Amino acid sequence: MVKAPEINQLAGNARSSFDRLDLNDIVIFTRVVQHGSFTAAAKMFAKSPSYMSKHVTQLENALALTLLHRSTHKVFLTDAGSVLFEHCVRILAELDAAKADASGLSSELIGSLRIHTTPGVGQGLVVPAIIDFNTEYPAVKVELTVSVSSVSLMERGVDVVVGSRQFDDDESFHSGLFERKLGPAPYAICAAPGYFARYGMPIQPRDLQNHNCLVHMTQKRDPKTWHIKFDGEEVGVPVDGTFHSNLEGAVLLAALEGAGIVRLPLYSVAAEIQSGHLAPIFDGDVVSDRVIKAFYPKSRFVPKKVRAFLAILETKLKTLMQDYEKSNVAS
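Residues numbered from 1 in each chain as written. Predicted model: local features only at pLDDT ≥ 70, side-chain atom pairs only at ≥ 80, totals over all residues. Heavy atoms only, no water.

Looking at the element boundaries, serine 112 is found in strand S3 (residues 111-117). Looking at serine 112, its side chain comes within polar contact range of the side chain of arginine 114, at 3.0 Å. When neighbours within four sequence positions are excluded, serine 112 is seen to be in contact with Val140, Lys141, Glu143, Asp159 and Lys305. (Helix = DSSP H or I, 4+ residues; strand = E, 2+ residues; numbered from the N terminus. Polar contact = N/O pair within 3.5 Å; in protein donor to acceptor, adjacent residues only side chain to side chain. Contact = heavy atoms within 4.5 Å.)

The full count for this structure, using the stated rule, is 6 salt bridges. Across the pair aspartate 240 and lysine 224 runs a salt bridge whose closest N-O atoms are separated by 3.4 Å. Separated by 16 residues along the polypeptide, aspartate 240 in the loop between strand S10 (233-238) and strand S11 (244-245) and lysine 224 in the loop between strand S8 (213-216) and strand S9 (225-230) bring together distant segments of the chain. (Salt bridge = Lys/Arg side-chain N within 4 Å of Asp/Glu carboxyl O.)

Quick look at the packing of helix H2 (residues 23-35) against helix H3 (residues 38-45) now. Their axes nearest at 8 Å, the elements H2 and H3 cross at an angle of 120 degrees. Classified by the angle their axes make, H2 and H3 are oblique. Judged by the sense of rotation from one axis to the other, the crossing of H2 with H3 is right-handed. Taking contact as the criterion, the partners of Val27, Ile28, Arg31, Val32 and His35 in H2 are, on H3, Phe38, Ala40, Ala41, Met44 and Phe45. Partitioned by chemical class, the residues of the contact of H2 with H3 number 8 nonpolar, 1 polar and 1 charged. (Axes fitted to C-alpha atoms, helices over the stretch in contact; angles between N-to-C directions. Parallel < 35°, antiparallel > 145°, perpendicular 65-115°, else oblique. Left-handed = near helix turned anticlockwise from the far one by under 90°. Nonpolar A, V, L, I, M, F, W, Y, C, P; charged D, E, K, R; others polar.)

For the rest of this paragraph, the subject is empty space enclosed by the protein. Think of a ball as big as a water molecule: rolled over the atoms, this probe shows where empty space is left. Under the definition given, this model contains 1 cavity of 30 Å³ or more. Considering only enclosed or pocket space, the largest cavity measures out at about 70 Å³ in volume. Lys220, Arg221, Thr225, His227, Arg263, Val287, Ser288, Asp289 and Arg290 are the residues that line the largest cavity. (1 Å grid on protein atoms, 1.4 Å probe; cavity = no way out; pocket = protein on both sides within 12 Å on 5 of 7 lines; lining within 4 Å. Points joined across faces, edges and corners; volume = space filled by probe spheres on them.)

Let us look at the sheet that holds strand S6 (residues 177-184). Whether parallel or antiparallel, the strands of a sheet pair through hydrogen bonds between backbone atoms. Pairing is mixed across the open sheet formed by 5 strands, whose spatial order is S4-S3-S5-S14-S6. The strands lining the two open edges of the sheet, one partner per strand, are strand S4 (140-146) and S6. On average, each strand axis in the sheet is inclined to that of its neighbour by 20 degrees, with strand direction left out of account. With 7 bridges joining them, S3 and S4 adopt parallel strand pairing. Considered in S4, the bridge of glycine 111 is made with valine 140. Its contacts with the sheet place helix H6 (residues 119-136) against S3, S4, strand S5 (160-163) and strand S14 (291-297), and it is angled at close to 175 degrees to S4. (Pairing = 2+ DSSP bridges.)

A cluster of nonpolar side chains, namely Val127, Ile131, Leu144 and Val146, defines an oily patch on the protein surface of about 300 Å² accessible area. Taken together, the elements giving at least two residues each to the nonpolar patch come down to H6 and S4. Assignment of secondary structure puts isoleucine 131 in helix H6. Exposure remark for isoleucine 131: the relative accessible area of 51% places this residue in the exposed category. (Patch = residues over 30% accessible without salt bridge, like charges linked within 9 Å, V, L, I, M, F, W, Y side chains within 5 Å. Areas by Shrake-Rupley, 256 points an atom, 1.4 Å probe, with all protein chains shown as cover. Buried < 20%, exposed > 50% of the residue type's maximum accessible area, 1.4 Å probe, protein only.)

Counting 45 residues, the largest nonpolar core has Phe133, Ile292, Phe309 and Leu310 as the members making the most contacts within it. No other element matches the 10 residues that helix H11 (residues 304-330) contributes to this core. What phenylalanine 309 contacts, discounting residues up to four positions off in sequence, is Leu113, Ile115, Val126, Ala129, Ile130, Phe133 and Val162. Counting 17 residues, the second largest nonpolar core, distinct from the first, contains Ile26, Ile28, Ala41 and Phe85. (Core = buried A, V, L, I, M, F, W, Y, C linked by side-chain atoms within 4.5 Å.)

Its identity is not glycine, yet alanine 46 carries a phi of approximately 55 degrees, on the positive side. The residue alanine 46 is located in the loop between H3 and helix H4 (49-63) in this model. Positive phi is not limited to glycine here, since phenylalanine 282 has a value of about 55 degrees. Checked against the element boundaries, phenylalanine 282 lands in the loop between strand S13 (279-281) and S14. Of the residues examined, phenylalanine 282 reaches a relative accessible area of 13% and is grouped as buried.

Moving on, we come to the sheet that holds S13. Strand order in this open sheet of 5 strands is S11-S8-S12-S7-S13, and the pairing throughout is mixed. Two strands close off the open sheet at either side, each with one partner strand: S11 and S13. Each of S8, S11 and strand S12 (261-265) is contacted by helix H9 (residues 248-256), which is oriented at about 165 degrees to S8, the strand it contacts most.

Let us now look at the packing of aromatic side chains. What characterises a pair of aromatic rings is the spacing of the ring centres plus the angle enclosed by the ring planes. The final tally for this structure, using the stated rule, is 6 aromatic pairs. Between phenylalanine 133 and tyrosine 137, the aromatic rings sit 5.1 Å apart at their centres with planes inclined by 50 degrees, giving tilted as the arrangement. Each member of the pair, phenylalanine 133 together with tyrosine 137, is buried. Above the face of the tyrosine 51 ring, lysine 47 is positioned so that its terminal group lies 5.0 Å from the ring centre. The ring of tyrosine 187 carries arginine 263 above its face, with NZ or CZ at 4.1 Å from the centroid. (Phe/Tyr/Trp six-rings, centres within 6.5 Å; stacked < 30°, edge-to-face > 60°. Lys NZ or Arg CZ within 6 Å of the ring centre and 35° of its normal.)

Structure follows, in structure tokens:
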């Protein structure tokens, strides 16, 4: 059993340990990691690289740990540094959220919002949502990065990642991330009206095998097997064609030029279908198990800027679906 004097001594040791920590050191350490080097982080702080290095060294001395391996142009986290960095990101996010809550900034968000997404979701949903977000919250600067691969929130300083692909198996994603499902990502099979005028329109799913099907290679499940509900059952139809690409926009452009039939997410083709540039087939029967998801660091206080953006993005997705369904009813 620990006696009272021993408890007091332990408490005193804990206080002395925390007393040696400087919040400024923690902030600088976090930003150095997020920017990848002392030089890049120093530019953000308008300080010298040696100033940044000094504060990281102070943090290492306070913790009696080596947090970074340093090289001329880049820094690398040690195992201890990686663990601490994850906590620091959450701590700073909670401090930002607490400051906003305490200041009553619910209607006047400020600062920056860093978003990462994939090309199709980015063009079809995220960029339109950012435009609405900037209109409502003009004091927030939005930084958007787009790539076919995911991004490590912890290492890049990203606030939120949005996509429809299966991020769960991606090693760059960490268990410390929260996943929020925003809504389904239905698919459409379609082609330019001119293509159907020349080659006819498939009536049954198996008819697709006699057509030039343009393949988006990164689609799941199998990009060359399109699943469609027909006569109450799901049918997997093997397809192929003269053009394959890992870039969704390239396949969409080829379809608009009348090159063939595509299977793409509704958010990528809804506007083209509503304008008449593309005509859907098997409408409502194309099978998809994809979901639009958002990922952000787990925290008791989710920053208001993240909550506000995701609310707008979710509304954008619902509106897109409703408008598409209304246009189908009208036609």
